[in-house]
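Secondary and tertiary structure notes
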Amino acid sequence: DQNLPLNVMIGMIAAEPYEDVTLRDISNFNGCNQAAHVVIYADTRTPAVQKLAPRAAVYLQFRFDGHVGFPGGMLNRGERPEDAAYRELTEESGLDSEELRLTKDDLLVVHYSKSKNLLLHLFVKKVSIDIFHLLETQTVNCHEWGKEVIGVLRAPLYTMSDGYRGFPAFLDSKFIGNCKEQLLHFLDKCKIMTKEEIDLALNAKPFVLG
Ligand code: GTP
Ligand code: MN
Ligand code: MN
Ligand code: MN
Ligand code: MN
Ligand code: MN
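For the structure given in this document, a descriptive report is provided here. Owing to the predicted nature of the structure, the values given are computational and were not obtained by experimental measurement.

Analysis parameters
- Residues numbered from 1 in each chain as written.
- Chains lettered and ligands numbered in written order.
- Predicted model: local features only at pLDDT ≥ 70, side-chain atom pairs only at ≥ 80, totals over all residues.
- Heavy atoms only, no water.
- Buried < 20%, exposed > 50% of the residue type's maximum accessible area, 1.4 Å probe, protein only.
- Helix = DSSP H or I, 4+ residues; strand = E, 2+ residues; numbered from the N terminus.
- Arc of directions from axis to C-beta.
- Contact = heavy atoms within 4.5 Å.
- Salt bridge = Lys/Arg side-chain N within 4 Å of Asp/Glu carboxyl O.

Here the focus is helix 3 (residues 129-138). Residues of helix 3 that are buried include every one of Ile131, Phe132, Leu135 and Glu136, and no others. Each buried residue of helix 3 sits inside an arc of 140° when the element is viewed along its axis, so together they form one side. Buried residues along helix 3 sit in contact with strand 2 (33-42), strand 3 (57-63), helix 2 (81-93) and strand 8 (149-154).

Here it is as structure tokens:
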């Protein structure tokens, strides 16, 4: 149905539903597997290609499995989500900086996948463009480079004149788990894009001749 409200659209992106359990009592989920990932972003006013100004610089990775994902991973036994997200970030980016330390106040959203019995914590951290750039350049020297991590990505947060290239095309990438939902949730909640802009990008189609 073309007329579904956007919150329903976002929930439907993943092949299976991921329930938003952010405001629930997390102790109800004590027995299940847990993962924690982090969105690192910076303001940028520097035009990218063709004078297009990205809304922000958002750090993502190309993973060993051919999917796009945020840095992060599974919690070790007894580990707090913010500590797991930070530990995985250092393993998967090579950067260990005070400016990137995470606390529970940096938590943005928690999703639960019933079929995977997996609780997914998403943290968010805004950094200076200098730290952001250091993060990008350090990544190729990290412990997991060439293993779990095979690429560094800066999301193209602009739309080109054909209405598809740029962000809408990027959204047609393969994303791991509910990473795409997490990205859209972040863009909305951190006021980088409006719901209407996100909806437009989701519905854009490549221009095909004939
Ligand atoms: P190892 O270090 O090899 O144990 O992997 P990892 O701990 O780094 O785990 P990984 O980052 O692959 O994430 C663990 C689980 O979370 C997997 O089941 C993925 O499906 C899922 N996952 C991975 N990246 C993301 C992401 O960006 N968002 C979401 N929602 N899930 C992700
Ligand atoms: Mn060129
Ligand atoms: Mn890892
Ligand atoms: Mn791990
Ligand atoms: Mn990982
Ligand atoms: Mn690992």
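The next subject is the pattern of salt bridges. Inspection of the entire model under this criterion finds 15 salt bridges. Between arginine 55 and glutamate 197 there is a salt bridge, and its shortest N-O distance comes to 2.8 Å. Placement of arginine 55 in the loop between strand 2 and strand 3 and of glutamate 197 in helix 6 (residues 195-203) is noted, with a sequence separation of 142 residues between them. Relative accessible area serves as the criterion here: at 40%, arginine 55 is assigned to the partly exposed category. Here aspartate 96 and arginine 101 are joined by a salt bridge, their closest N and O atoms 3.6 Å apart. Looking at arginine 101, the relative accessible area reads 37%, which means it is partly exposed. Each of the salt bridges in this network shares a partner with another, and the network as a whole consists of Glu79, Arg87, Glu88 and Glu91.

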